[in-house]
Amino acid sequence: MPKPMPGAARDQTMLRRANELTVLAVLRDGTPRVMRDIADQTGLSWRTASVVTESLEGHGWLAGTEADAGDKRLGRPARRYRFRAEAGHVAGIDIGAHAICVYLADLAGTIVGMHRVRVSPGEPAADRLAAAEATVQAALDAAQLGNADVWAAAVGTTGIVGLDGVVTKSAVLPGWTGVDLGGRMGALLGRPVTVANDSNLAVLAEHWRGHRADTMIYLLVGVRLGTGLVIRGQLHRGAAGAAGEIGEIGEIGWSDAAQRLAAAAPGHLADLDGAARHVFAAARHQDPAAVAAVDRFATDIARGLTAMVLTIDPDVVVLGGGFAYAADLLMPRIDQRLGETCPHSPRLATSRLGDEAVGLGAVRLALDTVEQRITGLSSGTPLTPAAISASA
């Protein structure tokens, strides 16, 4: 066992790590900066900023470039430093009822590769898992990346997902309850993989690249209803990953709300998506039965949403999911019902990310995992890309 460092040495090591993290934080936005700017923005002395920056460059976190050709200042052109986002990559995997999509991103969150395949809602669990594995491999091959290049990965899927990566309940995908997605995808990539409910990842993506509110609810509206929560800028999953599962209360009526909506379609179409689309179209033409069905559907949504709004008092509720195309019909009705009960009725908005929300949320969650490894690395361990990649 190594001997503990003396107090002064330990303090110096911790100070060096704090300075490294400060410099990285300034350069992570991707803008190349000269040393003077780095020192000014970090509050470090020029000498300290220079030592730390050169060390980070040597470790592979930063790349030095010559100053812009248009820099007319006298003397030798100042060297600029940029964050090497290409040093590592993350994967965001969206396993849905109709499609599987894999996004690959660098450490700045820039998407460098994507692969998508269509699947059937009735696909057996084993076939869906095999398709997910094949899609991940196809995305890696297309981006010319290997498993070792992926530092972290996250998966989004329908259902209630435990913090251990196991689907504890799924009413949509056959055989999906009990599937250990974290273990299966982790074995494929050779490292731990985080798994979360699709609504949770959608709200995380909206916070990152969509509406960016500090406290928000993502309302997934489709053949099923679900929610994801961001509270004070952080994804809120709860103690076991079941936060926001308000639909589990049968009296609220979320579990069969789409079926009641679809029942207003002529002939009671078996395809819920198609039947709902027919009802929404008829409601726009003021068909009385369709209007009544949409009114009832909005009331069902608002019943559960009101309880959540009263609990966390969000800045915004973002509507997404398969029925988002009917936002023009649903949002005024939901807004009216919220206003009847809630002292503060939040702003309602449609998703800015659409079908990409879950996959991008998975990317963001994987990036957060990398960030946690960087900030959590022992100050006695050199801060290198290899150390972060190996710390999974």
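A brief structural summary. Everything numeric here is computed off the predicted structure, so don't read it as measured data. (Residues numbered from 1 in each chain as written. Predicted model: local features only at pLDDT ≥ 70, side-chain atom pairs only at ≥ 80, totals over all residues. Heavy atoms only, no water.)

Turning our attention to the environment of P314. Within the fold, P314 resides in the loop between α9 (288–312) and β14 (316–320). Every residue in contact with P314, bar those within four places of it in the chain, is listed here: T215, M216, I217, V309, H344 and P346. (Helix = DSSP H or I, 4+ residues; strand = E, 2+ residues; numbered from the N terminus. Contact = heavy atoms within 4.5 Å.)

Taken together, three strands build an open sheet; the order of strands is β1-β3-β2 and the sheet is antiparallel. A strand with exactly one partner marks an edge of an open sheet, and here the two such strands are β1 (33–34) and β2 (62–65). As defined by bridge partners, β2 adjoins strand β3 (residues 80–83) across four bridges and the pair is classed as antiparallel. In the sheet register, T65 faces β3, and the bridge partner there is R80. (Pairing = 2+ DSSP bridges.)

Let us look at the packing of helix α8 (residues 272–284) against helix α10 (residues 327–341). The geometry of α8 relative to α10 is characterised by a closest axis approach of 10 Å and an angle of 75° between their N-to-C directions. Put simply, α8 runs roughly perpendicular to α10. Taken together, the residues of α10 that come into contact with α8 (itself represented by F280, A283 and R284) are D328, L329 and L330. Each residue belonging to the contact of α8 with α10 can be placed in one class, and the counts come to four nonpolar, no polar and two charged. (Axes fitted to C-alpha atoms, helices over the stretch in contact; angles between N-to-C directions. Parallel < 35°, antiparallel > 145°, perpendicular 65-115°, else oblique. Nonpolar A, V, L, I, M, F, W, Y, C, P; charged D, E, K, R; others polar.)

Okay, the packing of aromatic side chains next. Tallied over the full model, the rule gives seven aromatic pairs. Members of the aromatic cluster, joined through ring pairs, are F280, F297, F323 and Y325. Of note, R209 hangs over the ring of W208, and the distance from its end group to the ring centre comes to 4.0 Å. Sitting over the face of the ring of W208, R364 holds its NZ or CZ atom 5.1 Å from the ring centroid. (Phe/Tyr/Trp six-rings, centres within 6.5 Å; stacked < 30°, edge-to-face > 60°. Lys NZ or Arg CZ within 6 Å of the ring centre and 35° of its normal.)

Here I38 shows up in helix α2 (residues 35–42). Through-space distance from the C-alpha of I38 to that of W151 is 27 Å; in sequence the pair is 113 residues apart.

A few words now on the sheet that holds strand β12 (residues 225–231). The strand order across the open sheet built from five strands is β13-β12-β11-β14-β15, with neighbouring strands paired in mixed fashion. Two strands close off the open sheet at either side, each with one partner strand: β13 (234–235) and β15 (347–350). Pairing of strand β11 (residues 216–221) with β14, which is carried by five bridges, proceeds in the parallel orientation. Bridge pairing links L219 to L319 in β14.

Our next topic: the pattern of salt bridges. Considering all chains together, one arrives at 15 salt bridges under this definition. Between D198 and R224 there is a salt bridge; the shortest N-O distance is 2.2 Å. Taken as a pair, D198 in helix α6 (residues 198–209) and R224 in the loop between β11 and β12 lie far apart in primary sequence, 26 residues in all. Residues D198 and R224 agree in their burial class; the two are buried. The partner of D368 in a salt bridge is R364, with the nearest N and O atoms 2.9 Å apart. (Salt bridge = Lys/Arg side-chain N within 4 Å of Asp/Glu carboxyl O. Buried < 20%, exposed > 50% of the residue type's maximum accessible area, 1.4 Å probe, protein only.)

Here we take up unusual backbone geometry. Unusually for a residue other than glycine, R232 sits at a positive phi of about 50°. The residue R232 is located in the loop between β12 and β13 in this model. Phi is positive for D313, which is not a glycine, with a value near 50°.

Across the six residues that make up β11, a large majority, six, are buried. Residue alternation in β11 divides its side chains into two sets, M216, Y218 and L220 and I217, L219 and V221, and both sets are buried. Taken together, the six bridges between β11 and β12 define a ladder with antiparallel strand orientation. Note that in β12 the partner of M216 across the bridge is V230.

The next thing to look at is α10. For α10, built from 15 residues, the straight-helix expectation of 21 Å at 1.5 Å per residue is met to within 8% by its first-to-last C-alpha distance of 21 Å. Buried within α10 we find A327, L329, L330, M331, R333, I334, R337 and L338. Contacts made by the buried residues of α10 are with β11, α8, α9, β14 and β15. (Expected span 1.5 Å × (residues − 1).)

Space inside the largest pocket adds up to approximately 870 Å³. Around the largest pocket sit 32 residues that line it, and A97, H98, G321, G322 and D355 are the ones nearest its centre. Looking at the lining of the largest pocket, the elements that each hand over two or more residues are β6 (111–118), α6, β11, α8 and α11 (357–376). Among the elements that line the lining of the largest pocket, the one with the most residues is α8, at three residues. Of the residues in the lining of the largest pocket, the class split is 14 nonpolar, 10 polar and eight charged. One number sums up the size of the second largest pocket: a volume of about 490 Å³. If you go around the second largest pocket, you meet 22 residues; those closest to its centre are A171, V172, R224, L225 and E248. The dominant element in the lining of the second largest pocket, judged by the number of residues it contributes, is β12, at three residues. Of the residues contributing to the lining of the second largest pocket, the split by class is seven nonpolar, 11 polar and four charged. (1 Å grid on protein atoms, 1.4 Å probe; cavity = no way out; pocket = protein on both sides within 12 Å on 5 of 7 lines; lining within 4 Å. Points joined across faces, edges and corners; volume = space filled by probe spheres on them.)

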